[in-house]
Amino acid sequence: MSHLTDLVNLDLSDTTEKIIAEYIWVGGSGMDMRSKARTLPGPVTDPSKLPKWNYDGSSTGQAPGEDSEVILYPQAIFKDPFRRGNNILVMCDTYTPAGEPIPTNKRHAAAQIFSNPDVVAEVPWYGIEQEYTLLQKDVKWPVGWPIGGFPGPQGPYYCSVGADKSFGRDIVDAHYKACLYAGINISGINGEVMPGQWEFQVGPSVGISAADEVWIARYILERITEIAGVVVSFDPKPIPGDWNGAGAHTNYSTKSMREEGGYEIIKKAIDKLGLRHKEHISAYGEGNERRLTGHHETADINTFKWGVANRGASIRVGRDTEKEGKGYFEDRRPASNMDPYVVTSMVAETTILWNP
């Protein structure tokens with residue numbers, strides 16, 4: 001008799017050319033991920049060769065019941081680390097039957113910015129540091145924390161090892177390998193300052209692909225925590241008090257910044273970001289005011305400041321960039337629940353296209 005795991009891990013390639021495509025999209029809250037699967041006659045590597053599909057938008061908070069059909073447009077393909085073989089994960093965005101992007105489709109506007117010739121010429125690179133917290137499923141309290149109580153103060157947990165300091169490493173490592181398998185440009189992971197909190201980094205990736213990769217990496221993490229019976233939280237301040245929040249620091253450079261004389265271009269870009277500080281903050285994630293307090297390695301939400309190697313700044317420039325006179329900078333303001341389509345495209349728009 002077969003066990004359930006045997007059937008889940010069935011290799012279909014011996015018996016059929018058909019593959020399974022998991023269509024993935026962002027739901028009505030702007031943070032919930034939805035997906036459903038369909039059978040295709042054979043392997044596909046080009047998103048434009050995939051059929052469009054539809055779903056009931058009234059059940060995801062994206063359409064009224066009397067006109068509920070939303071259309072999925074396939075935009076990026078990744079290998080499926082769960083089904084493996086030729087099966088795929090498909091990142092989609094969402095449209096009305098008439099072809100108009102629905103209000104929660106943030107990818108469409110981002111794609112317009114990233115296809116602007118001035119932006120294309122600058123080849124914008126992004127490295128996104130996605131922090132998250134693992135919670136015990138039934139009590140919504142961080143893994144490794146005593147129920148109804150607190151662990152010892154912060155200090156021993158960042159990049160730690162040991163059963164009394166590091167909680168959830170099996171999930172983190174499974175996610176790391178699954179992302180590499182999928183073709184995501186994941187560049188590393190580490191344990192964070194608050195116990196039960198972790199980070200993965202995506203990039204350097206060019207333009208809109210950075211945002212596609214972060215969304216798929218989030219999806220894979222949600223699936224792995226589902227298997228493990230743990231809840232992943234992207235709340236920017238999951239535990240009030242003297243505990244670090246969770247961000248999505250966004251490292252950024254353009255071709256001009258990476259070439260000789262780039263440091264002057266970086267400083268001009270930072271000046272432009274400062275002039276639009278309020279607009280950026282309003283688009284950088286929900287509940288960020290609980291995180292950006294001026295404490296726990298953050299700048300106050302109402303203050304814009306930048307500095308070299310300063311983790312209490314809004315924008316941090318690395319020592320190597322200052323020394324070499326070219327490189328990149330880090331926008332430390334985005335919250336862990338930010339939309340990477342919004343943040344990456346807004347940074348490009350402000351620094352490349354916007355003229356104050």
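Residues numbered from 1 in each chain as written. Predicted model: local features only at pLDDT ≥ 70, side-chain atom pairs only at ≥ 80, totals over all residues. Heavy atoms only, no water.

**A look at the overall build of the protein**
Within the protein, the regular secondary structure consists of ten helices and 13 strands. Computed over the C-alpha atoms, the radius of gyration of the protein is 21 Å, within 12% of the 21 Å expected from 2.2 N^0.38 for a compact globule of 356 residues. By principal-axis analysis of the C-alpha atoms, the protein measures approximately 60 × 55 × 40 Å. Here the protein, with 356 residues, has 51% of them falling under the buried criterion. For the protein, restricting intrachain contacts to residue pairs at least 6 apart in sequence, the fraction spanning at least 24 positions comes to 64%. (Helix = DSSP H or I, 4+ residues; strand = E, 2+ residues; numbered from the N terminus. Rg over C-alpha atoms; globule rule 2.2 N^0.38 Å. Buried < 20%, exposed > 50% of the residue type's maximum accessible area, 1.4 Å probe, protein only. Contact = heavy atoms within 4.5 Å.)

**Some thoughts on the sheet that holds strand E4 (residues 69–79)**
Reading across from one edge, E2-E1-E5-E4-E3 is the order of the five strands in this open sheet, with mixed pairing throughout. Single-partner strands in this sheet number two, and they are strand E2 (33–40) and strand E3 (53–56). Going from strand to strand, the sheet's axes swing by 40 degrees on average, the running direction of each strand aside. (Pairing = 2+ DSSP bridges. Axes fitted to C-alpha atoms, helices over the stretch in contact; angles between N-to-C directions.)

**Comments concerning the packing of aromatic side chains**
This model, assessed by the stated rule, comprises twelve aromatic pairs. Plain terms: the ring middles of Tyr23 and Trp53 are 5.2 Å apart, the flat faces sit at 80 degrees to each other, and that makes the pair edge-to-face. One end of the pair, Tyr23, is in strand E1 (residues 19–26); the other, Trp53, is in strand E3, with 30 residues separating them in the sequence. A residue is classified by how much of its surface remains accessible, and Tyr23, at 0% relative accessible area, is buried. (Phe/Tyr/Trp six-rings, centres within 6.5 Å; stacked < 30°, edge-to-face > 60°.)

**A look at the packing of helix H2 (residues 106–114) against helix H10 (residues 340–353)**
One way to put it is that H2 packs onto H10 with a least axis distance of 9 Å and a crossing angle of 30 degrees. Considering their axes alone, H2 and H10 lie roughly parallel with respect to each other. Judged by the twist between their axes, the crossing of H2 over H10 is left-handed. Contacts between H2 and H10 pair Lys106, Arg107, Ala110, Ile113 and Phe114 from the former with Tyr341, Val342, Thr344, Ser345, Ala348, Glu349 and Leu353 from the latter. Residue classes in the contact of H2 with H10 are distributed as seven nonpolar, two polar and three charged. (Parallel < 35°, antiparallel > 145°, perpendicular 65-115°, else oblique. Left-handed = near helix turned anticlockwise from the far one by under 90°. Nonpolar A, V, L, I, M, F, W, Y, C, P; charged D, E, K, R; others polar.)

**What about the UniProt feature "domain: GS catalytic" (unreviewed entry) in the protein?**
Taking the numbering used here, the UniProt-annotated feature "domain: GS catalytic" (unreviewed entry) corresponds to residues 106–356. A distance of 24 Å separates the end C-alpha atoms of residues 106–356, which is 37% helix and 19% strand. (UniProt positions renumbered as here; feature names shortened; annotations may be inferred.)

**Points about empty space enclosed by the protein**
The final tally for this structure, using the stated rule, is one cavity of 30 Å³ or more. Estimates place the volume of the largest cavity at around 80 Å³. For the largest cavity, the full set of lining residues is Trp25, Val26, Met91, Cys92, Asp93, Thr94, Thr104, Asn105, Lys106, Arg107, Asp339 and Tyr341. Those elements that place two or more of their residues in the lining of the largest cavity are E1, strand E5 (88–95) and H2. Considering each element in turn, the lining of the largest cavity owes the most residues, four residues, to E5. (1 Å grid on protein atoms, 1.4 Å probe; cavity = no way out; pocket = protein on both sides within 12 Å on 5 of 7 lines; lining within 4 Å. Points joined across faces, edges and corners; volume = space filled by probe spheres on them.)

**So, the packing of helix H7 (residues 262–275) against H10**
Interhelical geometry of H7 versus H10 gives an angle of 115 degrees and a closest axis separation of 9 Å. Crossing of H7 against H10: the hand is right-handed. Residues Ala269, Lys272 and Leu273 of H7 lie in contact with H10, whose contacting residues are Thr350, Thr351 and Ile352. Class assignment for the residues of the contact of H7 with H10 results in three nonpolar, two polar and one charged.

**Here's the deal with the pairing of strand E6 (residues 125–136)**
A large share of E6 lies buried, amounting to eleven of its twelve residues. Across eight bridges, E6 lies against strand E8 (residues 197–206) in antiparallel orientation. Opposite Gln130, over in E8, you have Phe200 as the bridge partner. The pairing of E6 with strand E9 (residues 230–233) spans four bridges and is antiparallel. Counterpart to Leu134 in the pairing with E9 is Val232.

**Considering the environment of Lys323**
Structurally, the position occupied by Lys323 is in helix H9 (residues 319–324). For Lys323, a relative accessible area of 75% gives the class exposed. Taking the C-alpha atoms as reference points, Lys323 and Gly294, 29 residues apart in sequence, are found 27 Å from one another.

**A look at the side chain of Arg291**
Assignment of secondary structure puts Arg291 in the loop between helix H8 (277–282) and strand E11 (306–308). Here Arg291 occupies a buried position and makes no salt bridge, while the nearest side chain of opposite charge, Glu131, is found at 5.5 Å. Polar side-chain contacts of Arg291 include one of 2.9 Å to the side chain of Asn288. If we skip the residues at most four places from it in the chain, Arg291 touches Pro236, Lys237, Gly245, Ala246, Gly247, His249, Thr298, Arg332, Arg333, Pro334 and Ala335. (Lys, Arg positive; Asp, Glu negative; His and termini not counted. Salt bridge = Lys/Arg side-chain N within 4 Å of Asp/Glu carboxyl O. Polar contact = N/O pair within 3.5 Å; in protein donor to acceptor, adjacent residues only side chain to side chain.)

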